[in-house]
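Okay, here's what each chain looks like letter by letter:
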Amino acid sequence: MRLSESQSDALARYAALLMRWNTVHNLTAIESPAHVLTHHLLDSLAIVPEIQIISGERLVNVLDVGAGGGLPGIPLAIAAPNLRVTLIDKVQKKFAFLTQAKLELALDNVTCVHGRVETLHTESPFELIVARAFTSLVEFVGLTRHLLVKNGWWCAMKGTLPAAELAELKRLMPDVRVTRTVRLHVPHLNAERHLVLMQAAR
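What this report covers is the structure whose coordinates are included nearby. (Residues numbered from 1 in each chain as written. Predicted model: local features only at pLDDT ≥ 70, side-chain atom pairs only at ≥ 80, totals over all residues. Heavy atoms only, no water.)

This part is about the pairing of strand 1 (residues 60-65). Counting buried positions over the six residues of strand 1 gives five, a clear majority of the element. Alignment of strand 1 against strand 2 (residues 83-89), held across six bridges, turns out to be parallel. Opposite V62, over in strand 2, you have V85 as the bridge partner. (Buried < 20%, exposed > 50% of the residue type's maximum accessible area, 1.4 Å probe, protein only. Helix = DSSP H or I, 4+ residues; strand = E, 2+ residues; numbered from the N terminus. Pairing = 2+ DSSP bridges.)

Okay, the environment of I74 next. Relative to the helices and strands, I74 resides in helix 4 (residues 73-79). By relative accessible area, I74 is classed as buried at 0%.

What follows deals with the pattern of salt bridges. Pairing between side chains of opposite charge can happen when the charged atoms of each approach one another. This structure, assessed with the given rule, holds eight salt bridges. One salt bridge in this structure joins D43 and R193, with 2.9 Å as the shortest N-O distance. Within this pair, whereas D43 is found in helix 2 (residues 33-45), its partner R193 is found in the loop between strand 6 (176-183) and strand 7 (194-200), the two being separated by 150 residues in sequence. The exposure class of D43 is buried, given its relative accessible area of 2%. In this structure, E165 engages K158 in a salt bridge whose closest nitrogen and oxygen atoms are separated by 2.9 Å. K158 sits in the buried class, given a relative accessible area of 14%. Members of the salt-bridge network, linked through shared partners, are D43, R132 and R193. (Salt bridge = Lys/Arg side-chain N within 4 Å of Asp/Glu carboxyl O.)

Right, here's the structure in full:
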């Protein structure tokens, strides 16, 4: 994946804003610039190729659940302008940061929502729902099923492959199929990362 100069600049400005806010609002436990790059930015960007396989060049509505400091939603919105990313978080200080980041980076393809995903209602369901270290697969699907368009995709970012969660999903939600699991390569990060892609059975 190649980024333009303006995209790289936007990511750098986002990282600087995240670190500046973090000193006061404790948005993330990661504080060093090097770790923000590897554990946040590059980690989030690692799923872009898989997301683009699904979305192609189409305009696609994406929901980032429990967005926190905007990860992976803001890097996705910067790297893939065809994505229309909605960031939702129930914590006021995190919502305030997301709103500020949208304004400072002039991200016209980002919408920020303060609230709980299970009570969110929309007239335009999402084609993709993404979560990064949010909760179990079963709970992720259960909380967001009402927001996913027919034939849409759940995209769960995990560390090691969650075998127990996959087994639980198969047992408790047999109508949800795991279309594939992808082992991600994150440059300069010596840790396992996986993406679990799921769809409701037709």
